[in-house]
Amino acid sequence: MNFTILPFVMVVLLITMGLYTVLFKRNLIKMIMGVAIIQNGVNLFLVSLAYRDGYAAPIWTSAPSSDMVLPTPHALTLTSIVIGVATTALMLSFVIMLKRHYGTVDSNETRRCRE
Amino acid sequence: MRKVFAMLALLVIFAFLLLAVAELRGEDGGFGEPVHTAMDDYFLQDSQSHNQANNVVTAILFDYRGLDTLGEATVLFSAVSGVLTVLRKVKPVKRGGKE
Amino acid sequence: MNWKMSRVVRTVTDIMVVPIIVYGIYLIIHGHLTPGGGFQGGAVIASSTALLIVSYGSFRDYKKDFSSMESLGLTLFILLAIFGILLGATMFHNFGAGTGGLFGGTVPEGINPGYVNTGGTIPMMNIMVGLEVAAALSLILWMMAKASDSMEVEA
């Protein structure tokens with residue numbers, strides 16, 4: 001049996017788990033965890049796109065061989081990770097503000113727009 | 001009722017993603033056999049003579065795709081500005097009306 | 001921030017903070033040779049700030065220092081990028097590679113053991129970005145610790 005599709009299936013599972021968490025959980029912290037799981041799924045997808053079977057990491061310092069995997073998706077994954085950290089920090093600070101204002105982190109309670 | 005609709009939408013997205021992933025196999029860009037590698041081969045071959053750097057990923061980040069890194073640093077800066085704005089000390093203001 | 005952990009935790013923190021920062025600096029200045037770079041090294045340095053906040057709780061107001069450090073890193077990064085235009089090439093042109101100046105050595109083609117004095121502008125940009133990321137993540141952690149401390153904790 002051919003298992004070469006397995007990493008992409010894991011990506012689909014991660015993204016679906018994250019979407020489930022965002023859709024069905026009412027705690028805002030858990031929703032942010034869902035967004036982080038989606039980010040990790042996308043990062044895993046980018047890294048799996050770069051993989052070549054039996055090749056080395058794209059760094060010439062004491063490399064085991066001169067056949068290397070694709071370097072561009074790795075660079076873009078680094079960019080994606082840092083942007084994920086920044087957006088997660090911003091979302092968490094919004095949750096801190098909501099907790100100050102409403103006294104709860106339940107997404108049903110924070111929906112009303114009055115004082 | 002709303003939960004049922006949300007569950008249905010989730011299942012549709014899951015099936016769509018699975019179908020999209022099932023196309024990715026073999027020579028068509030499957031795991032271990034990526035497509036369109038001419039640019040990456042260029043980076044791998046020439047980054048040492050262009051940049052005198054061993055780490056090809058860092059050479060891409062800071063030379064070939066430097067504007068991406070600049071945008072990333074700007075996003076981090078804006079996020080920090082947002083955090084500082086949201087979490088600043090707010091003096092309680094007395095409003096008219098109740099309380 | 002008015003908690004403080006036990007003396008054991010504080011002593012281990014005092015011992016461990018320096019190696020963590022040194023490891024972060026190592027990751028930053030060897031970014032063009034080994035896995036690592038400005039972002040990863042900056043994150044490692046910011047983790048030492050997290051350790052200090054968790055164990056000591058209260059320390060001085062470093063907001064202005066972190067803020068100016070972050071702005072300095074980003075400004076120097078952009079200036080270094082624009083310097084390529086002033087030399088008649090494109091933005092982010094690697095004007096320092098192979099010139100023999102600072103980080104201006106040449107690498108032999110192919111697999112080599114790695115030399116620190118190579119890379120042109122890449123190590124300089126790694127240092128700038130490392131400065132910026134370390135300050136930014138430390139600032140985020142510090143602000144969140146201060147903000148969550150002022151809330152009432154339900155018993």
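Residues numbered from 1 in each chain as written. Chains lettered and ligands numbered in written order. Predicted model: local features only at pLDDT ≥ 70, side-chain atom pairs only at ≥ 80, totals over all residues. Heavy atoms only, no water.

**Things to note about a nonpolar patch on the surface**
All names here are of chain C.
(1) Moving on: Among the surface-exposed residues, W3, M5, V8, V9, V12, I15, M16 and V54 lie close enough to one another that they form a single nonpolar patch of about 680 Å² accessible area.
(2) Moving on: Considering every element that reaches the nonpolar patch, the biggest residue donor is helix α1 (residues 7-29), with five residues.
(3) Moving on: Counting through the fold element by element, V54 comes out in helix α2 (residues 38-56). (Patch = residues over 30% accessible without salt bridge, like charges linked within 9 Å, V, L, I, M, F, W, Y side chains within 5 Å. Areas by Shrake-Rupley, 256 points an atom, 1.4 Å probe, with all protein chains shown as cover. Salt bridge = Lys/Arg side-chain N within 4 Å of Asp/Glu carboxyl O. Helix = DSSP H or I, 4+ residues; strand = E, 2+ residues; numbered from the N terminus.)

**Brief notes about unusual backbone geometry**
Residues and elements named next belong to chain C.
(1) Moving on: The backbone phi angle of F92 is positive, close to 60°, even though this residue is not glycine.
(2) Moving on: Inspection of the secondary structure assignment puts F92 in the loop between α3 (63-86) and α4 (121-149).
(3) Moving on: We classify F92 as buried; its relative accessible area is 3%.
(4) Moving on: Residues other than glycine seldom take positive phi values, yet F103 does so here, at roughly 55°.
(5) Moving on: Residue position: F103 is located in the loop between α3 and α4. (Buried < 20%, exposed > 50% of the residue type's maximum accessible area, 1.4 Å probe, protein only.)

**Thoughts on the pattern of salt bridges**
Between side chains of opposite charge, a pair can form when the charged atoms approach closely.
Residues and elements named next belong to chain A.
(1) Moving on: Taken as a whole and assessed by the stated rule, the structure comprises three salt bridges over all chains.
(2) Moving on: Between D106 and R26 there is a salt bridge, with the nearest N and O atoms lying 3.0 Å from each other. Of the two residues, D106 sits in the segment after α3 (72-102) while R26 sits in the loop between α1 (6-24) and α2 (28-50), which places them 80 residues apart along the sequence.
(3) Moving on: A relative accessible area of 45% places R26 in the partly exposed class.

**Considerations on the packing of aromatic side chains**
All names here are of chain C.
(1) Moving on: What the rule picks out here adds up to ten aromatic pairs over all chains.
(2) Moving on: Arranged with centres 6.0 Å apart and planes meeting at 45°, the rings of Y62 and F66 form a pair that is tilted.
(3) Moving on: In this structure Y62 comes out as partly exposed when scored by relative accessible area, which is 27%.
(4) Moving on: The exposure class assigned to F66 is buried, which follows from its relative accessible area of 13%. (Phe/Tyr/Trp six-rings, centres within 6.5 Å; stacked < 30°, edge-to-face > 60°.)

**As for the interface of chain C and chain A**
(1) Moving on: Taken together, the contact between chain C and chain A spans 17 residues of the former and 16 residues of the latter.
(2) Moving on: Taken together, both faces of the contact between chain C and chain A bury some 1,300 Å²; the carbon and sulfur share is 72%.
(3) Moving on: For the pair chain C and chain A, the number of links is two residue pairs in polar contact (both at pLDDT 80 or more).
(4) Moving on: Here the side of chain C that touches chain A takes four residues from α4 of chain C, the largest share from any one element.
(5) Moving on: Here the side of chain C that touches chain A is composed, by residue class, of ten nonpolar, six polar and one charged. (Contact = heavy atoms within 4.5 Å. Buried area = accessible area lost by both parts, 1.4 Å probe. Polar contact = N/O pair within 3.5 Å; in protein donor to acceptor, adjacent residues only side chain to side chain. Nonpolar A, V, L, I, M, F, W, Y, C, P; charged D, E, K, R; others polar.)

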